[in-house]
Amino acid sequence: ALRQVGSSFKPFVYTAAIDKGANPENTIVDAPVTFQSASGAYTPHNYDEKFEGTITLRRALAQSRNIPALKLADKVGIETVIDYAHRFGITSNIPDYLPIALGAAEVTPLEQTSAFSVFPSDGVRLVPHYITKVTDYEGRVLEEDFAEVRDVISARTARIMTSMLQGVVQHGTAIAASTMKYPLAGKTGTTNESKDAWFIGFTPNLVAGVYVGFDDPKPLGSHETGASVAVPIFKEFITDAIKGVPAVPFRVPPGLRMVRISASTGALAVPGDKDAIWEAYIPGN
């Protein structure tokens, strides 16, 4: 079940950066770059072979730009990014080299889906378990298991990342899911030659991961991506899974204040801003 996760790994990169002091409205340059490594020069490309210039971190994640993700990973250190992935519950071995930031790591769908549950849970990870409760014929509880709880990141970082991952759905690579009238966030992922396609998405109370690929890795088809093959499956599942569940917004942890800003510029929103969104800030910051 170990398969490369593609860009669905990028939230770990951005989480490390946010935790180290970055803000979604900070800017980064999406332009040609070459990294030097022990194995030689590494010149990466974006999926569309284009460059957007100076953009916010929020847009870089929403549009899944490769160059900004690599620059962030290089700045905070790929070892730090890998450490965060392990803290999120990724137990598979992750080699220590920069392309890991783009999802060259191999993990299982269970690991990746479980890891994303940290974001809507205020930075807390609930370790997955199969059996919740066993009862007898009369309803007496014979066995009951409770999830092991682990602190992973701060509630502030979790809320900011949730907001950024909402951007992926609202105006990013997973925009096909934006037609659902329910708070959604998540991240698409596609590997080289479209051999593996992912979408890990979540509502305020449910996380679901979709992986699409052949048993023996081979291309899914020309230009097939997580957005084109995994997101539609997620939509079909989640539509039934949340039927009858109230559409409550993602929770704002205590100590944070929501401020309206422009998603494209990061500045405070003004009346009439069509891309205005709510962002979490510590009061006075």
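Residues numbered from 1 in each chain as written. Predicted model: local features only at pLDDT ≥ 70, side-chain atom pairs only at ≥ 80, totals over all residues. Heavy atoms only, no water.

Participant: Just to check I follow, could you spell out helix α4 (residues 78–87) for this structure?
Facilitator: What sets the pattern is the α-helix's 3.6 residues per turn: residues three or four places apart point alike. The complete set of buried residues in α4 reads Ile78, Val81, Ile82, Tyr84 and Ala85. Seen from one end, α4 has its buried residues packed into an arc of 155°, which puts them on one side. The inward-facing, buried residues of α4 abut α1 (10–19) and α3 (66–76). In the stretch just after α4, glycine 89 is the one whose phi turns positive, near 110°. (Buried < 20%, exposed > 50% of the residue type's maximum accessible area, 1.4 Å probe, protein only. Helix = DSSP H or I, 4+ residues; strand = E, 2+ residues; numbered from the N terminus. Arc of directions from axis to C-beta. Contact = heavy atoms within 4.5 Å.)

Participant: What am I meant to see in the nonpolar core here?
Facilitator: In summary, soluble globular proteins display a tendency toward joint burial of nonpolar side chains. Counting 72 residues, the largest nonpolar core has Phe9, Tyr14 and Phe88 as its most contacted members. Among the elements that make up this core, the one with the highest residue count is helix α6 (residues 155–171) (seven residues). The residues touching phenylalanine 88, leaving out its near neighbours within four places in the chain, are Phe12, Thr15, Ala115, Val118, Phe119, Arg125, Val152 and Ile153. By size, the runner-up hydrophobic cluster in this structure holds five residues, among which are Ile261, Ala263, Ile277 and Tyr281. (Core = buried A, V, L, I, M, F, W, Y, C linked by side-chain atoms within 4.5 Å.)

Participant: So what exactly am I meant to see when it comes to the sheet that holds strand β12 (residues 197–202) here?
Facilitator: By definition, the strands of a sheet pair up through backbone hydrogen bonds, in either a parallel or an antiparallel sense. A sheet is described by the order of its strands in space; here three strands give the open sequence β11-β12-β13, paired in antiparallel fashion. Strand pairing shows two members of the sheet lacking a second neighbour, β11 (185–190) and β13 (207–212), which therefore form its edges. Neighbouring strand axes in the sheet, compared pairwise and without regard to direction, differ in orientation by 5° on average. Bridge count between β12 and β13: six bridges; the pairing is antiparallel. Note on β13: the bridge partner recorded for alanine 197 is valine 212. Sheet contacts for helix α5 (residues 109–116): β11, β12 and β13; angle to β12, the most-contacted strand, approximately 30°. The strands that α6 touches are β11 and β12; relative to β11, the one it contacts most, it runs at about 60°. (Pairing = 2+ DSSP bridges. Axes fitted to C-alpha atoms, helices over the stretch in contact; angles between N-to-C directions.)

Participant: What's the story with the layout of surface pockets in this structure? I'm lost.
Facilitator: Space left empty within the atom packing is revealed by a probe, the size of a water molecule, rolled over the atoms. A volume near 750 Å³ is recorded for the largest pocket. When residues of the lining of the largest pocket are traced back to their parent elements, those giving at least two are β11 and α7 (226–241). What the second largest pocket holds in volume is close to 300 Å³. Around the second largest pocket, the lining comprises 16 residues; the ones closest to its centre are Thr113, Ser114, Ser117, Leu126 and Val207. The leading source of residues in the lining of the second largest pocket is α5, at three residues. Partitioned by chemical class, the residues of the lining of the second largest pocket number nine nonpolar, seven polar and no charged. (1 Å grid on protein atoms, 1.4 Å probe; cavity = no way out; pocket = protein on both sides within 12 Å on 5 of 7 lines; lining within 4 Å. Points joined across faces, edges and corners; volume = space filled by probe spheres on them. Nonpolar A, V, L, I, M, F, W, Y, C, P; charged D, E, K, R; others polar.)

Participant: Help me out: how do you make sense of the packing of aromatic side chains in this one?
Facilitator: Note on aromatic pairs: each is described by the distance of the centres and the angle between the planes. Scanning all chains against the criterion turns up ten aromatic pairs. Geometrically, the ring pair formed by phenylalanine 199 and phenylalanine 234 is edge-to-face, given 4.9 Å between the ring centres and 80° between the ring planes. With a gap of 35 residues between them, phenylalanine 199 in strand β12 and phenylalanine 234 in helix α7 connect regions that are remote in the sequence. In terms of burial, phenylalanine 199 and phenylalanine 234 fall into one category: buried. Clustering of aromatic rings is evident, with ring pairs tying together Phe9, Phe12, Phe88, Phe116, Phe119, Phe202 and Phe250. Geometry around tyrosine 84 places arginine 87 over its ring, the cationic atom sitting 4.3 Å from the centre. Directly above the ring of phenylalanine 214 sits lysine 218, whose terminal nitrogen or CZ lies 4.6 Å from the centroid. (Phe/Tyr/Trp six-rings, centres within 6.5 Å; stacked < 30°, edge-to-face > 60°. Lys NZ or Arg CZ within 6 Å of the ring centre and 35° of its normal.)

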